[in-house]
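Here is how the chains run, residue by residue.
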Amino acid sequence: MHTQMLTSKLGGELISFKLNGVERIHQGEECVDENGKVFWKRHSPVLFPTVGKLKKNQTIINGKTYEMPQHGFARDLEFEPVTKLDNFHSYVLKSNKNTISKFPFDFELYTTYRLDDNKLTTIYKVINVGTTSMPFGIGGHPAFKINLEDLKNENYYLEFEEDEDKIHFLYLVDGLIGTEYAKNRMSDKRRIYINKDTFNNDALIMKSITSSKISLKKRDTGNTVLTMDFSGFPYLAIWSKPNAPFLCIEPWKTTADTLKSTGVFTQKTDILVLKPKEEFECKYTVEFFEE
């Protein structure tokens, strides 16, 4: 079994993973619809220092209002290479004048990709190098290639490793978390079937998940396309564009603002906080299989 990965300084992002020569990551701007329009320009961005959308795309930190795009700014900035081996790539984004104008904290953000046979582990590490406590959010957004014919034939489904009796689906209103839960999209206690209407109301965002693993499978063969271990992440989002040949499975530590959000960054649900000189690390692993 032969595997190969490519990564980029832009966003410190994974841009390719091949299993026996077959690409398994969405190819961003190279992937277009019948009209030549790009479905989604990214591959597998890191979401930092916020996940999801902020109310009015703004947040209040220490009494001052800052503009912040959806999913933060790290995905659009140049990272510095740290280590690059065949099976281990690492990058770092260090705070600078540009980041401090959006997020007034001194930090180092590391993205690391480790290959172990057919398993790819993505590791995020955040270090507070400043002198004050730093609130932040973080999450992954990997997009996996899928077959359009299989999508049209409703051949894909997601399966949790355990029965999900407590799972909740968050209801999105213009990208913000609503006041009520959305309809449960499970077809039984473990499966979510994917069809052309699955993402009509944007992403499916889940919390109170029992499982630590989820698999993408095919109905006709029962074969597993991939399995993600998202242990330690309280949220999991599933998203794609209409009729697009990719599926994002996104482990998140935090999520979007709510409709009733105060706008104060430290009051966001599940916000993470690092004291000066403290470090935070999280990771998720994807195991790929031949289809």
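The structure reproduced in this document is the subject of the present report.

Each value, and the rule that gives it
- Residues numbered from 1 in each chain as written.
- Predicted model: local features only at pLDDT ≥ 70, side-chain atom pairs only at ≥ 80, totals over all residues.
- Heavy atoms only, no water.
- Helix = DSSP H or I, 4+ residues; strand = E, 2+ residues; numbered from the N terminus.
- Buried < 20%, exposed > 50% of the residue type's maximum accessible area, 1.4 Å probe, protein only.
- Contact = heavy atoms within 4.5 Å.
- Areas by Shrake-Rupley, 256 points an atom, 1.4 Å probe, with all protein chains shown as cover.
- Lys, Arg positive; Asp, Glu negative; His and termini not counted.
- Charge placed at Lys NZ, Arg CZ, Asp CG, Glu CD.
- Pairing = 2+ DSSP bridges.
- Axes fitted to C-alpha atoms, helices over the stretch in contact; angles between N-to-C directions.
- 1 Å grid on protein atoms, 1.4 Å probe; cavity = no way out; pocket = protein on both sides within 12 Å on 5 of 7 lines; lining within 4 Å.
- Points joined across faces, edges and corners; volume = space filled by probe spheres on them.
- Nonpolar A, V, L, I, M, F, W, Y, C, P; charged D, E, K, R; others polar.
- Patch = residues over 30% accessible without salt bridge, like charges linked within 9 Å, V, L, I, M, F, W, Y side chains within 5 Å.
- Salt bridge = Lys/Arg side-chain N within 4 Å of Asp/Glu carboxyl O.
- Disulfide = S-S within 2.5 Å.
- Core = buried A, V, L, I, M, F, W, Y, C linked by side-chain atoms within 4.5 Å.
- Phe/Tyr/Trp six-rings, centres within 6.5 Å; stacked < 30°, edge-to-face > 60°.
- Lys NZ or Arg CZ within 6 Å of the ring centre and 35° of its normal.

### Side note on the overall build of the protein
- The number of helices and strands found in the protein is two helices and 24 strands.
- Dimensions along the principal axes, computed over C-alpha positions, put the protein at roughly 55 × 45 × 40 Å.
- A buried classification covers 54% of the 291 residues belonging to the protein.
- Sequence-distant contacts, at least 24 apart, represent 65% of the contacts inside the protein between residues at least 6 apart.
- Here the protein displays about 13600 Å² of accessible surface, and carbon together with sulfur accounts for 45% of that area.
- Charge separation in the protein, taken as the distance between the mean sites of 39 positive and 40 negative side-chain charges, equals 5 Å.

### Focus: the sheet that holds strand β10 (residues 119–128)
- With antiparallel pairing, the nine strands of this open sheet are ordered in space as β7-β8-β9-β10-β24-β20-β19-β14-β17. Strand pairing shows two members of the sheet lacking a second neighbour, β7 (80–85) and β17 (191–193), which therefore form its edges. Within the sheet, the average angular offset between the axes of one strand and its neighbour, ignoring direction, is 15°.
- Relative to strand β9 (residues 107–116), strand β8 (residues 88–94) runs antiparallel, the two being bridged by seven bridges. Bridge pairing in β9 links F88 to R114.

### Quick look at empty space enclosed by the protein
- Enumeration according to the criterion identifies one cavity of 30 Å³ or more in this entry.
- Within this model, the largest cavity holds a volume of roughly 40 Å³.
- L14, I25, S44, L120, T122, P142, F144, Y284, V286 and F288 together form the lining of the largest cavity.
- Listing elements by their share of the lining of the largest cavity, those giving two or more residues are β10 and β24 (279–288).
- Here the element with the most residues in the lining of the largest cavity is β24; it accounts for three residues.
- Partitioned by chemical class, the residues of the lining of the largest cavity number eight nonpolar, two polar and no charged.

### So, the sheet that holds strand β1 (residues 3–8)
- Spatially, β1-β2-β3 is the arrangement adopted by the three strands of the open sheet, whose pairing is antiparallel. If you trace the sheet from one side to the other, it starts and ends with β1 and β3 (22–23), each paired once.
- Relative to β3, strand β2 (residues 13–19) runs antiparallel, the two being bridged by two bridges. Along β3, the bridge assignment pairs L19 with V22.

### Topic: a nonpolar patch on the surface
- A cluster of nonpolar residues, Y171, V173 and L259, forms a patch on the protein surface that exposes about 230 Å² of accessible area.
- Counting through the fold element by element, V173 comes out in strand β15 (residues 168–173).

### With respect to the state of the cysteines
- Counted by the stated rule, this structure contains zero disulfides.
- Of all cysteine sulfurs in the structure, the one in C248 sits closest to C31, which takes part in no disulfide; the separation is 12 Å.
- Here C282 stays free of any disulfide, with the sulfur of C248 as its closest cysteine sulfur at 17 Å.

### Describing the pairing of strand β19 (residues 213–218)
- In terms of burial, β19 is largely enclosed, as five of its six residues are buried.
- Note: strand β14 (residues 156–160) against β19, five bridges, orientation antiparallel. Its bridge partner being in β19, Y157 is matched across the sheet by K217.
- Strand direction decides the pairing type here: β19 and strand β20 (residues 224–229), joined by five bridges, are antiparallel. Looking across to β20, one finds that I214 is bridged to M228.
- From the end of β19 to the start of β20, which pair antiparallel, there are five residues, and G222 there has a positive phi angle of about 75°.

### Structural notes on the nonpolar core
- Of all hydrophobic cores here, the largest spans 64 residues; its most connected members are F103 and I138.
- By residue number, the principal contributor to this core is β24, which donates five residues.
- By size, the runner-up hydrophobic cluster in this structure holds 19 residues, among which are L47, I205, A237 and W239.

### Thoughts on the packing of aromatic side chains
- According to the stated counting rule, one finds 18 aromatic pairs in the structure shown.
- A ring pair is formed by F48 and F103, whose centres lie 6.1 Å apart and whose planes are at 75°; its orientation type is edge-to-face. Here F48, found in the loop between β4 (46–47) and β5 (58–61), pairs with F103, found in the loop between α1 (97–100) and β9; they are 55 residues apart in sequence, far enough to count as distant. Taken as a pair, F48 and F103 share a single burial class, namely buried.
- Taken together, the aromatic side chains of F48, F73, F103, F105, F107, F136, F265 and F280 make up a single cluster linked through ring pairs.
- Positioned above the aromatic ring of Y110, the side-chain terminus of K125 is 5.2 Å from the ring centre.
- One cation-aromatic arrangement involves K253 over F233; the distance from NZ or CZ to the ring centre is 5.3 Å.

Purely geometric numbers; function is a separate question.
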